[in-house]
Every structure is written in C-alpha cells, then in structure tokens.
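Chain residues, written in single-letter form:
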Amino acid sequence: MIAYIMCFVLFLVGFYGVITRRNLIKIAVSMSIMEISTFLFFALVGYIDGGVAPIVDPADPVKIYVDPLPQALVLTAIVIGLATTAMMMAVIIRLYRKYGTFDIREIKNLRG
Amino acid sequence: MTIIVKKTTQLIAGMVFMYGIYVIVHGHLTPGGGFAGGVVIAGSFILVTLAYGGDFLKLVREESGTTIVESFATILVIMIAVSGFLFGTKIFFNNFLPKGIVGHLVSAGVLPLYNIFVGTEVAASIFIIFLSLIIFKEESPK
Amino acid sequence: MNPLIPFFVVIPLAGAFLIMITGRFFKEFDKYLTSMILLFLAIISFYSLFTTRENLSVYKVGGWEPIDKVPIGIYMVMDGFNAIIVCIINLVGFLSALYSISYIKRYTSGNYFYALFCLMIGGMNGVVLSGDLFNIFVFLEISVISSYALVAFGVEKSELEASFKYQVLGGLASFLILFGIGFIYWKTKTLNIADIKEAFNNGYDRTYYLFVQILILSGFGLKAAIIPFHAWLPDAHSSAPSPISAMLSGVFIKAVGIYVILRLFFNMFAVTEGIAILITTLGTLSMVIGVFLAIGQWDFKRLLAYHSISQMGYVILSTGIGMILIARGTKPEVAALAITGGIFHLINHAAFKGLLFLNAGAIEYSTGTRNLKEMGGLARSMPVTSATSFIASMSISGIPPFNGFFSKLIIIIAAIMARFYLLAALAVIVSIITLASFLKFQRYAFYNKSDINTNQQIKEVPFPMVFSMVVLSIICVLLSLLVIPDIRDTVLTPAVNILTDQLKYTTTIIGQ
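Residues numbered from 1 in each chain as written. Chains lettered and ligands numbered in written order. Predicted model: local features only at pLDDT ≥ 70, side-chain atom pairs only at ≥ 80, totals over all residues.

**Focus on the overall build of chain B**
Piece 1. Tallying secondary structure elements over chain B gives four helices and zero strands in all.
Piece 2. Taken from N to C terminus, the helices and strands of chain B fall in the order α-α-α-α.
Piece 3. Burial statistics for chain B: of 142 residues in total, 30% are counted as buried.
Piece 4. If you take every contact in chain B between residues at least 6 apart in sequence, the share linking residues at least 24 apart comes to 68%. (Helix = DSSP H or I, 4+ residues; strand = E, 2+ residues; numbered from the N terminus. Buried ≥ 20, exposed ≤ 12 C-beta atoms within 10 Å, placed from the backbone. Contact = placed C-beta atoms within 7 Å.)

**Things to note about the nonpolar core**
Piece 1. Formed by 201 residues in total, the largest nonpolar core has its most connected members in I88, I89, M124 and A255 of chain C.
Piece 2. Per element, the largest residue contribution to this core is 18 residues, and it comes from helix α13 (residues 332–367) of chain C.
Piece 3. Aside from chain neighbours lying at most four places away, what touches A255 of chain C is I85, I89, M124, V127 and V128 of chain C.
Piece 4. Membership of the second largest hydrophobic core comes to 20 residues, among which are V40, A73, Y114 and F117 of chain B. (Core = buried A, V, L, I, M, F, W, Y, C linked by C-beta atoms within 7 Å.)

**Points about the environment of D103 of chain A**
Residues and elements named next belong to chain A.
Piece 1. The topology assignment puts D103 in the segment after α3 (69–99).
Piece 2. For D103, a count of 11 C-beta atoms within 10 Å gives the class exposed.
Piece 3. Each C-alpha atom, one on D103 and one on A86, is 20 Å from the other, the two residues being 17 residues apart in sequence.
Piece 4. Leave out the neighbours within four places in its chain, and D103 touches R22 and N23.

**Thoughts on the interface of chain A and chain C**
Piece 1. Contact with chain A, which involves 25 residues of that partner, is made by 25 residues of chain C.
Piece 2. When residues of the side of chain A that touches chain C are traced back to their parent elements, those giving at least two are α2 (24–45) and α3 of chain A.
Piece 3. Counting residues per element, the side of chain A that touches chain C draws most heavily on α3 of chain A, at 13 residues.

**Some words on the interface of chain B and chain C**
Piece 1. The partner chain C presents 13 residues to the 14 residues of chain B that form the contact.
Piece 2. Here the side of chain B that touches chain C is composed, by residue class, of eight nonpolar, five polar and one charged. (Nonpolar A, V, L, I, M, F, W, Y, C, P; charged D, E, K, R; others polar.)

**Examining the packing of helix α1 (residues 3–25) of chain B against helix α2 (residues 34–52) of chain B**
Residue and element names in this part refer to chain B.
Piece 1. Between α1 and α2, the shortest axis-to-axis distance is 8 Å and the interhelical angle comes to 165°. Here α1 is positioned roughly antiparallel relative to α2, judged by the angle of their axes. The hand of the α1/α2 crossing is left-handed. In this structure, α1 contributes V5, K6, T9, A13, V16, F17, Y19, G20, V23 and I24 to the contact, and α2 contributes G34, A36, G37, V40, I41, G43, S44, L47, V48, A51 and Y52.
Piece 2. Class assignment for the residues of the contact of α1 with α2 results in 14 nonpolar, six polar and one charged. (Axes fitted to C-alpha atoms, helices over the stretch in contact; angles between N-to-C directions. Parallel < 35°, antiparallel > 145°, perpendicular 65-115°, else oblique. Left-handed = near helix turned anticlockwise from the far one by under 90°.)

**A few points about the environment of H307 of chain C**
All names here are of chain C.
Piece 1. Note on placement: H307 falls in helix α12 (residues 300–328).
Piece 2. It is 6.1 Å that separates the C-alpha atoms of H307 and V291, two residues lying 16 residues apart in sequence.
Piece 3. Once residues lying within four places of it in the same chain are set aside, the contact partners of H307 are G290, A294, I396 and T434.

**What about unusual backbone geometry?**
Residues and elements named next belong to chain C.
Piece 1. Cis geometry marks the peptide bond from P400 to P401, where omega comes out at -5°.
Piece 2. Among the secondary structure elements, P401 is positioned in the loop between α15 (383–397) and α16 (403–417).
Piece 3. Its identity as a non-glycine residue notwithstanding, K189 has a phi of 60°, on the positive side.
Piece 4. Tracing the sequence through the fold places K189 in the loop between α6 (157–188) and α7 (193–201).

**Observations concerning the confidence of the model for chain C**
The predicted coordinates ought not to be read in detail in places where the model reports low pLDDT.
Piece 1. Summing up the model confidence of chain C, the mean pLDDT is 87 and the portion of residues at 70 or higher is 98%.
Piece 2. Across the predicted assembly, pTM comes out at 0.93 and ipTM at 0.93. (pLDDT = per-residue confidence, 0-100.)

**Some points on helix α17 (residues 421–447) of chain C**
Residue and element names in this part refer to chain C.
Piece 1. For α17, built from 27 residues, the straight-helix expectation of 39 Å at 1.5 Å per residue is met to within 8% by its first-to-last C-alpha distance of 38 Å.
Piece 2. Along α17, the positions that sit buried rather than exposed are L423, A427, V430, S431, T434, S437, F438, F441, A445 and F446.
Piece 3. Looking at the buried side of α17, the elements it contacts are α11 (273–295), α12, α13, α14 (378–381), α15 and α16. (Expected span 1.5 Å × (residues − 1).)

**A short note on helix α2 (residues 29–51) of chain C**
Residue and element names in this part refer to chain C.
Piece 1. For α2, which comprises 23 residues, the first-to-last C-alpha distance of 34 Å matches the rise-based estimate of 33 Å (1.5 Å per residue) to within 8%.
Piece 2. Buried residues of α2: D30, K31, T34, I37, L38, L41 and S45, and no others.
Piece 3. Next to the buried residues of α2 lie α1 (7–25), α3 (80–103) and α4 (110–129).

**Some thoughts on the packing of α12 of chain C against α13 of chain C**
Pairs of packed helices are described in terms of their axes, by the angle between the two and the distance that separates them.
Piece 1. Two elements in contact, α12 of chain C and α13 of chain C, have axes separated by 8 Å at closest approach and are oriented at 170°. With respect to α13 of chain C, the element α12 of chain C is oriented roughly antiparallel.

**Details of the environment of A162 of chain C**
Piece 1. With respect to the helices, strands and loops of the structure, A162 of chain C is situated in helix α6.
Piece 2. Of the residues examined, A162 of chain C has 24 C-beta atoms within 10 Å and is grouped as buried.
Piece 3. Sequence separation between A162 of chain C and P494 of chain C is 332 residues; the distance between their C-alpha atoms is 39 Å.
Piece 4. Not counting residues within four places of it along the chain, the set of residues in contact with A162 of chain C comprises L110 of chain A together with V151, D235, A236 and S239 of chain C.

What follows is the structure, encoded as structure tokens:
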C-alpha cells in the first residue's frame, strides 16, 4: 500500500515542478520525474504474492511467475519517454540560441 | 581530455561494446533484448567520442553515415515482418523459422534476428541524438 | 481475417525510412515518392470504405488465436466508423503533400519534412485501426512526436515557443492516459477493448469507474482541444507551416482526439447519464467560447484556429445529446439522428478547414504577411484562391447548398426533437456569429480596396497548390450529397449503428 502512495507523491512532485519552475531545463527534468512515477505504477500492478521473475528455467519446472505483460509495456514506454525528452531538449537549445535566456517569463512573443 | 581519461577509455570501451552485444544476442533467454543492448552499445560509442573529441568535418561525416545505418536497419526489420506475409499464411510477424529446444542459443525462430536489427537501430539513433547536439554547439557563432 | 489492414501502418513507416536513405543520393525524388505512397493509401482506403458496410473485419497480428474465447495477442479492427476516418486521413494527407511540393522551397532540409510527414500519417492510421488500448498509446506517441517536430520546422522565434508549449501540455496528456490505462488493467487484467467491456459487464465499482473515466476524458480531451484544455491550439496551429496546419487542424484533432473519445465512451465504457451530461456541457462551452475568442483576431491563422475549437464543440455537443438519450433509454431514432449529424459535421470540417488553411498559406506565400489590416484587393490578382476561399467560408458558416448547412441543420433538428431548446438556440446564435467572422475575413483579405501593395507584383500561386485547393473545394460541394438517403446508408449509417448498438462490437470480435 505504501508503494502506491509513493507513486502518487512522485507524480505530484513532478507536477509541482512543471508548474512553478522558471528555468526551461527544470521543466524538462520535472516531466521526466512525472513519467517515472507512471512506470513505477505499472510495474507494481503486475505483482502477484509469492511470485518470482518470469524467466523460464528448464531445471525448476513449475513456479508462480509475476505477470510479465506490464513489464513489456514499461519497456516500450521508457523508450517513448526517451524520445520525448530528446525532442524537448532539442527545442530548448534552439530557444536559447534565439532568445538568449532560459527564463520562461521572457519568452512571450505570442499573445492574445 | 587528459591522458588518464584517454588511456582508461582505450581499455574499457571494447569491453562495454562486447557486453552490449552479449545482452542483445541472449535477448530470448535472459532479460534485455534489443532496446537495452542498443543503449549499451551507443554508450560505448559516446564514451570514445567524448574522450577523444573530433573536429567538425569528421563529426558531420560520422552523422551522415550513421543515419544511413539506422534507416537500413529499420527497413530490414520491416522486411522480415513482411516476409512472414509472403512465405507464411498471410500474417505479419509470423514466426516461420524452426523453433529449437528451449534454453539453447539458436532457437525461437525469428526472434534473435529481430533483436539484432532493433539493437542496431536503437544504438544508431541514440548516437545520432548525441552527435546532432554536439554539431549544433560546434557551429554556433562565437 | 482481412489482410489489407496492416498495410495502412506498414507502408508509411517503410516509406519514411526509405525517404531518409534516397534523399541523400537523388535530389528531387522524395516529393514524388511521398505523393505516390499517399495516393496508393487513399485508393485502398476508399476501396475499404465501399466494401466494409456493416461487417466488421478483424486482423490478429502474429496469428495468435484466442484461447477459450479470451483474446490474447494484438487485434486490429476495421468497421464502418473506422473506414470513414481512414479515408479522411489519407485523402487530406495526399492533398497536403501535393500542396507542399512548391511550398517547401523556402525551407532547406526537405527530405526530413517528408519523412516526418509519412511517420505522422502512419501513426494516425495506427491509432484509428487498433483494437487494443496500449497500441493506441504507442501509435499516439509516434504521431504526436512527429507533429512536435513539424510545428517547429522553420526555426523562427514564434514557432519554437509554440512547439514548446505544445510539448509540455501534450506530454502531460500522455501521462494522464498512461495512468488511466494502468488503472483499467489493474481491475480487468486485459487490454483488448471488447474484452474490457465484457469484464465491466459483470459488475464494477462505481467510484473507481468514474475516476478512470475522468482520467481518460482529460487525457484525450487535451489532445482534442476541448475547452478547459485548449491553451496550446491557437499558438501551435497558427505558427506551423501551412500544409502542416491543414493536417493538424483538419485531421489530427479528429483522429487522435475525438475518434478515441467516441470509441471508448460508446463501445468500451457503459453509457451513464452523468458523464453524458458532462460531455454535452464541455461541447457547449467549446462552441460558445471558441467563437467569442475568434471575433477579435486580426491574424487570420489564429482566427481559423479558434474557429476549429468552436466547430469541434458542435461535434461533441451532438454526440453528447445522443449519449444522453441512449443512457435514458428513450427515443432511439433521435439518438441515431444526433450521432449522424455529429459524424457528418466531422467529415465536413475536415474538408473545409483544410481548404481554409491551404488558402491562408497561399495568401502568405504571395503577400508575405498574416495581418488582415495589411492586405486587400486580392480578388483580382489571385482569382482561384479567392473563389475557393469564398466556397470554404460559405461552407463553414452554414449557407445552402454547401455541406456545412446540411450537417448543422441535422444537429439543430436533433436538439429540438430531444427537447434541448437552449442548446439548439445556442447553436443557431454561434452559427450567425461564425458567418459574421468570416464575412470580415473575406472583406479585409479579398474585396477591400486598398493601395498598400500596388507596387508589388502579386501573382497566382504555382500549379500544385492550385490543384490541391480546387480538388478540396470540389469535395466540399460534393459532400452535400451525403444527405440523400441512398448515399447516406452506404457511408454514414453503418458508423452510427456501430456506435449506438451496445452489443454488436463485442460479440463480433470475441466470436471470431
């Protein structure tokens, strides 16, 4: 039960970072923290009491395995998160070249 | 970089590369597979580039070569998937090579081939991300 | 098993990487390769539309057959509703790719543009054709990351800022969706859409169910730009290059936003009255607030972007009315009429909003400005653009005999027959204000007599751009034929039957 509450607290920490921080790179790092909390939640959903890691060993035939489907989903989602972070970093570097600052309060060219 | 960093990188970059190949090829027996092994291989390339540096033209040439490798690997993955369509019974991703005995290295049909090509593609794409960021910094006006 | 379904996803993906290789060796080859790929996809999508009327075809990836009637493996499904959206995606994509042959000359790296464009189309086809919740998420991320890169393509100040805002809000939406999928998997232990409905039929916890529905509505509502979540849309759609604006506003917010909301809330969750009233309220707010924000704009691409929010409000309003009537269990034929109006307005909006954004791109290509106060008198120097823009403006305002009139008429009649008189009155008022806004656009851009730019030579735009605009305007006029009962039974009625019938989707998929 404590583990599920930890997931939620981590999501709120990341969300707080996205809302209140002014530096662009801190916003990107906070989004990384938010997505890590989601992966932790997924991996916890597939836990079965008394199970072992789902690797078939020809020596010991029958055991209770933990659910392997959420683990495959988390692997895919980690790669997607990497692509999102890389895209955001590329845009941040170009923004720094054009505006000369990392402060998000200076970047308000579009209004209305 | 100093001579200590260069010597240490010379010693361990080869071992990191071999470990990455081990993780990819044993993807159907132990945890790992294409994604994780590809990231380790890209790590070894990034280590060598960081330690030795490079001038601008050499990095641009490396980037264009790596892009071609990445596109080739993806097209090969799609062609293996489509070949299930042609040789099998009209199903994509069909596992049509003979599956061997559980636990041996050469077994489980098409899966080791998928792992190898996906690993190559992931390694190439992460190396391209790193190279583009460095090239962008190198060509900035002083 | 229909073997044609995976081609919609595999061909654009292979094409994108093939463009990256051959773009280095042959210089002009990538434009023609993209156009040929998209033309082939448009042809097979129309073939699928006319052969899939009431049957539902399933494709099981990898050939994994179900064990004891429990689906394992990934399913891809094509039914009446899917076929319409796939046609829209591929046809508008083909015309935008044709338009960008001459528009892209002002940017330097052309082959990256076409590779990202093909990836975006492949991702959208995957979202629409998948029958599995996590597959929707993976293809959604593929198409959304390509659209982040395409919005920031010409690296000016305003485009980068718009792309950054879009990325932060889009990333937040993706995490909410992933959380929702996690909660659904925890209770039902399966990811197949038909199987989840079976599991929910056997009893569910009411508070848990409401929480999951709110998470999924927030996540996909942010992608579809419904009113509390609309803040990214004006910046992103106005700063992008014009063919990408036409694709984003005409296809993207429908294929990954509205389509998934309709599919999940009609076919996966059981229809309850509370959520239906919430969806109708959000649709009304979008409709009204969108048009009031659009009137005072002088930048015409921002004006068109705000009107997108308003017209999407129409679609959500009418399907919300249909959902309320299904939840109460009364008047099924009025519910079918309301959903028919919603889907018809979706198709119409893709046609005329795509045409409006392509016109805006043509004006910007010739005059170099986007401010309505700095242009005028273009009707003489750009005759084709002026004529097609007139057709599109009359369509969006709802003037007969163009297509916008018929779809808005069906929505208003359905609202009156369901005794929602306030909603029908609001729909009529919003339509009148839309007409005023577009009359302003036409007057300032085309018919105003001004002598600001008489010393510049303003010519008509090159041939590929003219061809795309003329084809879209012909489609706008032809779409009004969909209200004739024979043609409507071929195209629209199978889609409505799949959504309103509570059991057909589930029993057909699990039975195969």
